[in-house]
Amino acid sequence: MDKRKVTVVGAGNVGATTAQRIVERGIADVILVDVADGIPQGKALDILQSGPILGFDTRIIGTTAYEQTAGSDIAVITAGLARKPGMSREDLLSANAKIVKGITTELVKHSPDIIIIVVTNPVDLMTYLCAEISGLSKNKVFGMAGVLDSARFRTFIAMELNISVNNVEAFVLGGHGDAMVPLPRLSYVSGKPLTDLLSADKIDALVKRTRDGGAEIVSLLKTGSAYYAPSAAAVEMAEAVLLDKKKTLPCAAYLNGEYGVRGLYVGVPVRLGRNGVDEVVEIELMKDERLAFDKSVQIVRDGVEQLHSLLGKN
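This report concerns the structure included in the present document.

1. Some details on the sheet that holds strand E11 (residues 192-193)
Spatial strand order, E7-E10-E11: three strands in an open sheet with antiparallel pairing. Here the strands that pair on one side only, and so sit at the sheet edges, are strand E7 (168-169) and E11.

In structure tokens, the structure reads:
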């Protein structure tokens, strides 16, 4: 069997940490790509030299040339501008659209059967753009959103109850960012509904902190944004595909009638396997959840219209 190969585009904090996690786990060889010559090469060499200590034999190469990405099974796109304090994800749209468009073109040129995981924000819109530019089937392009948001929700629940995160199940739907829709009704602690364990006010506070999770870290760091948890989320998704796990994870996925939505990338639970998104998993929403979800979908729809305008489409 040929060795699995993953391209990570962007050698900043998210990209480099994603590449590091993949090779350390021995999941695949990695090509780390960045436009800044020397940065991907240097970081890749540094990561590679930790192999004898940590015991991994997977390889990592840094480059500015997409030719070396040829034959990749998966690409993880992390390149783009990071949010600055006070900047909304929507503010990133114009600059990052240009970046993602160029990257996508190069990726499919050298790996026409590739599966692409988009991390660049605003992720719902960048995933939509990547799918449009790539020409790949929609199941082969999806975005990292709900895995990270759910992890944040689980973290805050575990902190509040002073328990292991492994005992917490939590779900987040909708767009990544201010319009995400955490679902306390479908969140459980050791099999018990979260709504039986915490008051409505306390749950609301945890939901708000989850929704503001990225902004909270940005405000603390002052000069950057989150990357440890986002990289872990991207790797969980990549691993589900590479190892054909058939694992259900919340991702920004293309909807073709599911949840009453068509033609948009929205955060929903999907089953990930070797072919990418094997299935969109539909769950029945209560009235208030449906309203919040529809509001989130509308924000994505408005963003797509703005994206088309920026790209000169009608």
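2. Quick look at helix H4 (residues 93-110)
For H4, built from 18 residues, the straight-helix expectation of 26 Å at 1.5 Å per residue is met to within 8% by its first-to-last C-alpha distance of 26 Å. Listed as buried for H4 are Leu93, Asn96, Ala97, Val100, Ile103, Thr104, Leu107, Val108 and His110. For H4, the secondary structure elements touched by its buried residues are strand E1 (5-9), strand E4 (74-77), strand E5 (115-118), helix H5 (123-134) and helix H11 (287-310).

3. Examining the packing of aromatic side chains
Applying the stated rule across the entire model yields three aromatic pairs. Taken together, a centroid distance of 4.4 Å and an interplanar angle of 40° make the contact between Tyr227 and Tyr228 tilted. For Tyr228, a relative accessible area of 54% puts it in the exposed group. One Lys or Arg, Lys138, reaches over the ring of Tyr254 and ends 5.2 Å from the middle of that ring.

4. Focus: the layout of surface pockets
Approximately 830 Å³ is the volume found for the largest pocket. If you trace the largest pocket, you find 42 residues lining it, with Thr78, Ala79, Gly80, Leu81 and Ala82 closest to the centre. Of all the elements in the fold, those that place two or more residues in the lining of the largest pocket are helix H1 (13-25), H4, helix H6 (146-161) and helix H9 (213-221). Per element, the largest residue contribution to the lining of the largest pocket is four residues, and it comes from H4. Split by residue class, the lining of the largest pocket holds 20 nonpolar, 15 polar and seven charged. Space inside the second largest pocket adds up to approximately 490 Å³. Ser150, Arg154, Ala170, Leu249 and Pro250 are the residues nearest the centre of the second largest pocket, which is lined by 22 residues in total. Those elements that place two or more of their residues in the lining of the second largest pocket are H6, E7, helix H10 (228-242) and strand E12 (247-256). Top element by residues in the lining of the second largest pocket is H6. It accounts for five residues.

5. Some words on unusual backbone geometry
Cis geometry marks the peptide bond from Asn121 to Pro122, where omega comes out at -5°. Position of Pro122 relative to the elements: it lies in the loop between E5 and H5. We note that Ser190 has phi near 50°; this positive angle belongs to a residue other than glycine. When you line up the elements, Ser190 lands in the loop between strand E10 (188-189) and E11. Not every positive phi belongs to a glycine, and Lys222 is a case in point at roughly 70°.

6. Thoughts on the nonpolar core
The biggest cluster of nonpolar side chains holds 81 residues, and the ones touching the most others in it are Ile74, Ile116, Met126, Met237, Leu272 and Phe293. Considering every element that reaches this core, the biggest residue donor is H10, with eight residues. Leaving out residues up to four positions away in the same chain, Ile116 has contacts with Ala75, Ile77, Thr104, Leu107, Val108, Cys130, Leu136, Lys140, Val141 and Phe142. Counting 14 residues, the second-largest nonpolar core is a separate cluster that includes Ile157, Val189, Leu194 and Leu198.

Calculation notes
Residues numbered from 1 in each chain as written. Predicted model: local features only at pLDDT ≥ 70, side-chain atom pairs only at ≥ 80, totals over all residues. Heavy atoms only, no water. Pairing = 2+ DSSP bridges. Helix = DSSP H or I, 4+ residues; strand = E, 2+ residues; numbered from the N terminus. Expected span 1.5 Å × (residues − 1). Buried < 20%, exposed > 50% of the residue type's maximum accessible area, 1.4 Å probe, protein only. Contact = heavy atoms within 4.5 Å. Phe/Tyr/Trp six-rings, centres within 6.5 Å; stacked < 30°, edge-to-face > 60°. Lys NZ or Arg CZ within 6 Å of the ring centre and 35° of its normal. 1 Å grid on protein atoms, 1.4 Å probe; cavity = no way out; pocket = protein on both sides within 12 Å on 5 of 7 lines; lining within 4 Å. Points joined across faces, edges and corners; volume = space filled by probe spheres on them. Nonpolar A, V, L, I, M, F, W, Y, C, P; charged D, E, K, R; others polar. Core = buried A, V, L, I, M, F, W, Y, C linked by side-chain atoms within 4.5 Å.

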